Amino acid sequence: MSRLLTRRAALIIAAPAVLTLSRAALAACDPRPTPAETAGPYYKAGAPERQMLVGHEGGKRLVLSGQVTGADCRPVPGALLDFWQADEAGRYDNQGWALRGWQRADGEGRFRLETVVPGLYPGRTRHLHVKVGRPDGPRMTTQLYFPDEPGNRRDGLFRPELLMRVADARDGKEASFDFMLSP
Ligand SMILES: [Fe+2]
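A short tour of the structure in this document, coming up.

Definitions and limits used
- Residues numbered from 1 in each chain as written.
- Predicted model: local features only at pLDDT ≥ 70, side-chain atom pairs only at ≥ 80, totals over all residues.
- Heavy atoms only, no water.
- Donors = N, O, S within 2.8 Å, 3.2 Å for Na, K, Ca; no water.
- Tetrahedral: all angles 85-135°; square planar, octahedral: opposite > 155°, others 65-115°.
- Helix = DSSP H or I, 4+ residues; strand = E, 2+ residues; numbered from the N terminus.
- Disulfide = S-S within 2.5 Å.
- Buried < 20%, exposed > 50% of the residue type's maximum accessible area, 1.4 Å probe, protein only.
- 1 Å grid on protein atoms, 1.4 Å probe; cavity = no way out; pocket = protein on both sides within 12 Å on 5 of 7 lines; lining within 4 Å.
- Points joined across faces, edges and corners; volume = space filled by probe spheres on them.
- Polar contact = N/O pair within 3.5 Å; in protein donor to acceptor, adjacent residues only side chain to side chain.
- Contact = heavy atoms within 4.5 Å.
- Pairing = 2+ DSSP bridges.
- Axes fitted to C-alpha atoms, helices over the stretch in contact; angles between N-to-C directions.
- Core = buried A, V, L, I, M, F, W, Y, C linked by side-chain atoms within 4.5 Å.
- Phe/Tyr/Trp six-rings, centres within 6.5 Å; stacked < 30°, edge-to-face > 60°.
- Lys NZ or Arg CZ within 6 Å of the ring centre and 35° of its normal.

Structural notes on the coordination of the iron ion
Then step 1. Bound to the iron ion are the protein donor atoms Tyr92 (OH), Tyr121 (OH), His127 (NE2) and His129 (NE2), situated 1.9 to 2.1 Å from the metal.
Then step 2. Between the four donor atoms coordinating the iron ion, the angles at the centre fall across 92 to 156°, so the site counts as irregular.
Then step 3. Between the donor residues of the iron ion, the gaps in sequence give the motif Y-x28-Y-x5-H-x1-H. Separated by 37 residues along the polypeptide, Tyr92 in the loop between strand E2 (80-84) and strand E3 (100-104) and His129 in strand E5 (residues 127-133) bring together distant segments of the chain.

Points about the state of the cysteines
Then step 1. Throughout the structure, instances matching the rule amount to one disulfide.
Then step 2. Paired through a disulfide, Cys29 and Cys73 show a sulfur-sulfur distance of 2.0 Å. Judged by the torsion about the S-S bond (85°), the Cys29/Cys73 disulfide is right-handed. Within this pair, whereas Cys29 is found in the loop between helix H1 (2-28) and strand E1 (61-69), its partner Cys73 is found in the loop between E1 and E2, the two being separated by 44 residues in sequence.

Description of unusual backbone geometry
Then step 1. Backbone geometry at Cys73 places phi at a positive 70°, although glycine is not the residue there.
Then step 2. The phi torsion at Leu99 lies on the positive side, around 60°, for a residue other than glycine.
Then step 3. On the secondary structure map, Leu99 appears in the loop between E2 and E3.
Then step 4. With a relative accessible area of 6%, Leu99 lands in the buried category.

With respect to the layout of surface pockets
Then step 1. Taken as a whole, the largest pocket holds about 350 Å³ of empty space.
Then step 2. Forming the walls of the largest pocket are 15 residues, and the residues nearest its centre are Arg32, Thr34, Asp178, Phe179 and Met180.
Then step 3. Among the secondary structure elements, those contributing two or more residues to the lining of the largest pocket are E1 and strand E9 (179-180).
Then step 4. Space inside the second largest pocket adds up to approximately 190 Å³.

Some remarks on the side chain of Gln67
Then step 1. Summarising the element assignment, Gln67 is placed in strand E1.
Then step 2. Within the structure, the side chain of Gln67 is placed 2.8 Å from the backbone oxygen of Glu108, a separation counted as a polar contact.
Then step 3. Beyond its immediate stretch of four places on either side in the chain, Gln67 contacts Pro75, Glu108, Gly109, Arg110, Phe111, Phe177, Asp178 and Phe179.

Quick notes on the sheet that holds E3
Then step 1. One open sheet holds the four strands; their spatial order is E3-E2-E5-E6, and the pairing between them is antiparallel. The strands lining the two open edges of the sheet, one partner per strand, are E3 and strand E6 (139-145). Averaged over all adjacent pairs, the angle separating strand axes in this sheet is 20°, with direction ignored.
Then step 2. Bridge count between E2 and E3: five bridges; the pairing is antiparallel.

Comments concerning the nonpolar core
Then step 1. Leu64, Val68, Leu81, Phe83, Met164 and Phe179 are the most contacted members of the largest nonpolar core, which totals 28 residues.
Then step 2. Among the secondary structure elements, those contributing two or more residues to this core are E1, E2, strand E4 (110-116), E5 and E6.
Then step 3. Not counting residues within four places of it along the chain, the set of residues in contact with Met164 comprises Leu64, Leu128, Leu144, Tyr145, Phe146, Pro147, Ala175, Ser176 and Phe177.
Then step 4. Core analysis: the second largest hydrophobic core is formed by five residues, Ala39, Trp84, Tyr92 and Tyr121 among them.

Notes on the packing of aromatic side chains
Then step 1. What the rule picks out here adds up to eight aromatic pairs.
Then step 2. Taken together, the ring pairs in this structure connect Phe83, Phe111, Phe177 and Phe179 into an aromatic cluster.
Then step 3. The ring centre of Trp97 lies 4.2 Å from the NZ or CZ of Lys44, which sits over that ring.
Then step 4. The ring of Tyr43 carries Lys131 above its face, with NZ or CZ at 4.6 Å from the centroid.

Encoded structure:
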């Protein structure tokens, strides 16, 4: 009897604490959906499913990872991400599928892309292209940018909200970016 009472008492004491916690977690959610940008002229539907876009091509290795969430800050399990980009010389593969690939995020909306740092081409700063969305919903199109690029200031499409966090790694660059989908 006394043990039961103790357990009940513990539940009564714990319940408001749990409520407070979830309210705090909700309050911490800052819904700032990732801005959309133009796909540009080089997107091709039908890329192979793969996380690794590179084999033995030249260029500095780039690993990008992150998470896809909804505007409620909850992860989007199985979110779809379709990446495409220029090679180290600033060229897109418009005949084949080099540096193009789509992937499904894991059960917590996490993804990882292994690629190379894209090169520059006239008129643009350094960037990656991506379409991202819920497995059963529309996809938004956007671009990701690199910090400390002189071209960022001159590129009309550049937006600071689309900057990746980029650090030097042992064999290239390690980057991260979290996508938030619009409601
Ligand atoms: Fe581009």
